[in-house]
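So the chains spell out like this:
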Amino acid sequence: MGASNYTYAEATWSQKLPDCRRDHFEQLDKPALQPLPAERYVYAEWKKARVNIDYHVAIDGHYYSVPYTLIKKEVEVRITHNIIECFYRDNRRLTSRLRRAGLRHTAVLEDLDYRNSRGLDKGLIQSLASCQWVKEHLNVLVTGPTGVGKTWLACALAHKACREGYTAQYVRLTRLLRELTIAKGDGQYPKLLTNLVKVDVLILDDWGLMKLSAENRRDLLEVLEDRYGRRSTIATSQLPIEEWHDVIGDATLADAILDRLVHNAYKINLRGESMRKRQAKLTGTTASE
């Protein structure tokens, strides 16, 4: 063994393939393996420190400044190989909520640009910023063509909810449906449904990219039924809401799904040119260059 230098030995009936452990791995374990996380695991140590009168904390012989309002107060310090982070009470809880949310964009509502006419109603956004819709377990549906900022806006709303003490989770709908199918095979289906119903704000991104199978429809109804009247859901889609019924497929289940998602929702229809195209124009070069 690499770390302990112990010898590992394993007995088998024979050296034939059916008796080998690798055969079991190939047949049973390997098909169930999940992809590695997109980001590497970062090892971190946590320490407690008290802020000095000069509003610095001492960590391993080095001094780091913090807001002067924290003088003489105790903070928690997270230490990695290249970052020192200091947290004071709610700051650490907020960081934990945002980490669990896995938002695709680090977006905040304060950065919204209302100068470009994209169908943004400033009054509605300011109303949503209060998070009363989360308290009342209402939904938000964001539609519009690709690149106009649907996912960004959804993440900004979820970020604001996290700042107000609520939990959030981002997931692409296609991936969620795939995870629900896999969960049935390994016995984790009830646990996954339970975890989803606990999330205060669930983002279902890229709604309507594919037609749903019969299994997908039943799973989606399970998720929305559990959350209806208890939690809030944000759905983003390139398709107008009027076309969602056809994408779902089965008329009866489509009625049931949309009844739990659409009728108690704020609707934001974004329009205009793709933000990605606009950025490309700003950073692009001419042919002569």
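Residues numbered from 1 in each chain as written. Predicted model: local features only at pLDDT ≥ 70, side-chain atom pairs only at ≥ 80, totals over all residues. Heavy atoms only, no water.

What follows covers the overall build of the protein chain. Within the protein chain one finds 11 helices and 10 strands. For the protein chain, the residues scored as buried account for 37% of the 289 residues in total. Within the protein chain, counting contacts between residues at least 6 apart in sequence, those at least 24 apart form 73% of the total. With the model as given, the accessible surface of the protein chain reaches about 18600 Å², and the carbon-plus-sulfur share is 51%. (Helix = DSSP H or I, 4+ residues; strand = E, 2+ residues; numbered from the N terminus. Buried < 20%, exposed > 50% of the residue type's maximum accessible area, 1.4 Å probe, protein only. Contact = heavy atoms within 4.5 Å. Areas by Shrake-Rupley, 256 points an atom, 1.4 Å probe, with all protein chains shown as cover.)

Moving on, we get to the environment of R178. Tracing the sequence through the fold places R178 in helix 6 (residues 173-185). We classify R178 as partly exposed; its relative accessible area is 48%. For the pair R178 and N216, spaced 38 residues apart in sequence, the C-alpha to C-alpha distance is 8.5 Å.

So, about the nonpolar core. Core analysis: the biggest nonpolar cluster contains 32 residues, and W133 and L153 have the highest contact counts within it. Among the secondary structure elements, those contributing two or more residues to this core are helix 3 (122-129), helix 4 (132-135), strand 6 (139-143), helix 5 (150-163), strand 7 (168-172) and strand 8 (201-207). With 8 residues, the top contributor of residues to this core is helix 5. Residues within four places of L153 in sequence aside, it is in contact with L109, L112, L120, I125, V142 and I268. One finds L224, A254, A256 and L261 within the second-largest nonpolar core, a separate group that totals 30 residues. (Core = buried A, V, L, I, M, F, W, Y, C linked by side-chain atoms within 4.5 Å.)

A side chain of one charge can pair with a side chain of the opposite charge if their charged atoms are brought near each other. For the structure shown, the criterion picks out 10 salt bridges. Note that D60 is salt-bridged to K47, the shortest N-O span being 3.1 Å. In this pair, D60 is assigned in the loop between strand 2 (56-59) and strand 3 (62-65) and K47 in strand 1 (residues 45-50), connecting sequence segments 13 residues apart. Taking the relative accessible area as the measure of exposure, D60 reaches 55% and is therefore exposed. (Salt bridge = Lys/Arg side-chain N within 4 Å of Asp/Glu carboxyl O.)

The next thing to look at is the environment of K47. On the basis of relative accessible area, K47 is assigned to the partly exposed category, the value being 33%. In this structure, the C-alpha to C-alpha distance between K47 and C86, residues 39 residues apart in sequence, is 9.5 Å. Setting aside residues up to four positions removed in sequence, K47 forms contacts with D60, V75, E76, V77 and I79. Only 3.1 Å separates the side chain of K47 from the side chain of D60, close enough to count as a polar contact. (Polar contact = N/O pair within 3.5 Å; in protein donor to acceptor, adjacent residues only side chain to side chain.)

Moving on: the sheet that holds strand 5 (residues 84-87). For sheets, the rule is that strands pair by backbone hydrogen bonds, running either parallel or antiparallel. Taken in spatial order, the 3 strands line up as 1-4-5 in an open sheet, and their pairing is antiparallel. Both outer strands of the open sheet, strand 1 and strand 5, are each paired with one neighbouring strand and no more. Averaged over all pairs of adjacent strands, the angle between strand axes in this sheet comes to 30°, irrespective of strand direction. Note: strand 1 against strand 4 (residues 74-79), 6 bridges, orientation antiparallel. Paired with K48 across the bridge in strand 4 is E76. (Pairing = 2+ DSSP bridges. Axes fitted to C-alpha atoms, helices over the stretch in contact; angles between N-to-C directions.)

Ordered in space as 7-8-9-6-10, the 5 strands form an open sheet in which the pairing is parallel. Whereas interior strands pair on both sides, the edge strands pair on one side only; in this sheet they are strand 7 and strand 10 (265-269). Strand-to-strand twist in this sheet, taken as the mean axis angle between neighbours without regard to direction, amounts to 15°. Bridge count between strand 8 and strand 9 (residues 232-237): 5 bridges; the pairing is parallel. Its bridge partner being in strand 9, L204 is matched across the sheet by A235. Helix 3 contacts strand 6 and strand 10 of the sheet and is inclined by roughly 140° relative to strand 10.

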